[in-house]
Amino acid sequence: MDYRVSAQERATFKRCRRQWDFGSIHRQRLQTLDPAPIDLNQAIRDALAVYYYPGMWDWQSAIVLPLVRKAFMRSIAAAPPSAMRMEALDLGTELLERYFDWAPSIDDFGPLKIESDVEVLVPDIREPGRGLLSADGQRVLYTERVAMVAADAADEYWVVLHSVGPEWRDVENLLLDEASIAACWAWEQTYLGMDVAGTIYNEMRCAALENLGPAPSETRTGRDGRGGYSQNEPSGGGRGLPRAERPERLHSRPATVERVAQEISGPVRRTRIRRDRAEIDAASQQIGVEVLEMLAPHLALYPTPAPEHCPDCAFVAPCLAIMQGCDPTVDLASRFRQGPAAVPYEPRLGAGGGGGRNISLPGPPQL
Ligand code: SF4
């Protein structure tokens, strides 16, 4: 049995230790009895996992797009009926249709893997070269589910992240997105030999969808349908891509590269950020520091209130009770239950095998 710290748990720990203490599988593991809120981001991500599924990337759009819509509907339908669910259904449907129209004009990669689980030993920052162990001797692993890894025409690998929002995110915000840098690091550690060039932020803006005008009729790569690179092409496609970069492709890489490249096509914005070696390597040290803190026996579990995250926190009521010097036990007992001691594995499309038809990726190393 290993001690697993997911990317999500790490994010919660950094956001608010009290929230982490309530919900973490390693702490009180409390789960609210209220229905889960609608997660439009997750529903769109589920849909795009089908859109970019490597095994279907060469299929005709007429066959794939209905499956994409179905994946979105299935994800939304998992939430209980409500007005919010109807709103998310309408908005997400509109967004997806606009995505089908506009994304081919900027897709310049071939999908390699989607929804892939990676896990890697957390380094012990006190002893270079060693992995961290929990107090009872378990190996400590960092786990992440990577939405997509794609290859461009020069055989460079990119971690691709999808998101939906009312506005574009600031570039500074994206540059500082160390969670995505950690994903690059975890990917490289899981698939040794696959150095990641950086992160591509695939954003969809849900404002002003009615004023987009006509979508471009040409795809970026000239390939019909959904654009991008075919699985059959030697350039950027997935099927024939060997486990490491092909020497004949290396010369096609630009001698000087921009740190940030950005383009907008209708409701879709792509921000390509190169991550340098020092940046990716530093992620492991930072995770080592944070996880070591998580394991500390006398960790201070102070709250970090903020308008950005408290309104969505399931533990507002017990948190307020504690702040007012009251005992939250009754509220916790009536509105929460204790969840499982380990995260139940929820396979998604492509998880595990990853759907990379005939793609020769190096297997995960034995930890
Ligand atoms: S309400 Fe805010 S401060 Fe309290 S536990 Fe939740 S996130 Fe933390």
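Up top you'll find the structure we're talking about.
Give me the overall build of the protein chain: which residues, what numbers.
Of the regular secondary structure elements, the protein chain holds eleven helices and nine strands. Out of the 367 residues in the protein chain, the part that is buried amounts to 47%. Look at the contacts in the protein chain between residues 6 or more apart in sequence, and 77% of them connect residues 24 or more apart. Of the accessible surface of the protein chain, which amounts to about 17,900 Å², a share of 55% is contributed by carbon and sulfur atoms.

Got a sec to walk through the site of the ligand? Specific residues and values, please.
Around the ligand, the surrounding shell consists of Cys16, Arg18, Gln19, Pro303, Thr304, Pro305, His309, Cys310, Cys313, Val316 and Cys319. Broken down by secondary-structure element, the contributors of at least two residues to the shell around the ligand are helix 2 (17-23) and helix 10 (316-323). Partitioned by chemical class, the residues of the shell around the ligand number seven nonpolar, three polar and one charged.

Quick rundown of the pairing of strand 8 (residues 268-274)? Include the residues and the values.
Extensive coverage of strand 8 is indicated by the burial of seven of its seven residues. On strand 8, burial covers both faces: Val268, Arg270, Arg272 and Arg274 on one face and Arg269, Thr271 and Ile273 on the other are all buried. Here strand 7 (residues 260-265) pairs with strand 8 via six bridges, running antiparallel. The residue bridging isoleucine 264 from the neighbouring strand is arginine 269, located in strand 8. Two successive antiparallel strands, strand 7 and strand 8, enclose a turn made up of two residues, where glycine 266 displays a positive phi of approximately 60°.

Break down the environment of tryptophan 168 for me, with residues and values.
Along the chain, the position of tryptophan 168 falls in the loop between strand 5 (157-165) and helix 6 (171-175). Put simply, tryptophan 168 and valine 268 are 100 residues apart on the chain and 9.4 Å apart in space, counted from C-alpha to C-alpha. In this view, tryptophan 168 contacts Glu203, Met204, Arg205, Ile264, Gly266, Pro267, Val268 and Arg269; residues no more than four positions away in its chain are not counted.

Any chance you could break down unusual backbone geometry for me, citing the residues and the numbers?
Phi is positive for glutamate 115, close to 45°, though the residue is something other than glycine. Among the secondary structure elements, glutamate 115 is positioned in strand 3 (residues 110-121). Exposure remark for glutamate 115: the relative accessible area of 1% places this residue in the buried category. Positive phi is not limited to glycine here, since aspartate 155 has a value of about 60°. Within the secondary structure, aspartate 155 is located in the loop between strand 4 (140-151) and strand 5.

Please provide a residue-by-residue account of the packing of helix 4 (residues 61-77) against helix 5 (residues 83-102), values included.
Following both chains from N to C, one finds helix 4 and helix 5 inclined at 160°, their axes separated by 10 Å at the closest point. The angle between helix 4 and helix 5 falls in the class roughly antiparallel. Taken as a pair, helix 4 and helix 5 cross one another with a handedness that is right-handed. Contacts between helix 4 and helix 5 involve Leu65, Val68, Arg69, Phe72, Met73, Ile76 and Ala77 from the former and Arg85, Ala88, Leu89, Gly92, Thr93, Leu96, Glu97 and Phe100 from the latter. For the contact of helix 4 with helix 5, the class distribution of residues is ten nonpolar, two polar and three charged.

Tell me about a nonpolar patch on the surface, and please be specific about residues and values.
Where nonpolar side chains cluster on the molecular surface, the patch consists of Trp59, Ile63 and Leu67 and spans about 260 Å² of accessible area. Structurally, leucine 67 can be placed in helix 4. Judged by relative accessible area, leucine 67 falls into the partly exposed class, the value being 34%.

Reading the values: the criteria
- Residues numbered from 1 in each chain as written.
- Predicted model: local features only at pLDDT ≥ 70, side-chain atom pairs only at ≥ 80, totals over all residues.
- Heavy atoms only, no water.
- Helix = DSSP H or I, 4+ residues; strand = E, 2+ residues; numbered from the N terminus.
- Buried < 20%, exposed > 50% of the residue type's maximum accessible area, 1.4 Å probe, protein only.
- Contact = heavy atoms within 4.5 Å.
- Areas by Shrake-Rupley, 256 points an atom, 1.4 Å probe, with all protein chains shown as cover.
- Near = heavy atom within 4 Å.
- Nonpolar A, V, L, I, M, F, W, Y, C, P; charged D, E, K, R; others polar.
- Pairing = 2+ DSSP bridges.
- Axes fitted to C-alpha atoms, helices over the stretch in contact; angles between N-to-C directions.
- Parallel < 35°, antiparallel > 145°, perpendicular 65-115°, else oblique.
- Left-handed = near helix turned anticlockwise from the far one by under 90°.
- Patch = residues over 30% accessible without salt bridge, like charges linked within 9 Å, V, L, I, M, F, W, Y side chains within 5 Å.
- Salt bridge = Lys/Arg side-chain N within 4 Å of Asp/Glu carboxyl O.

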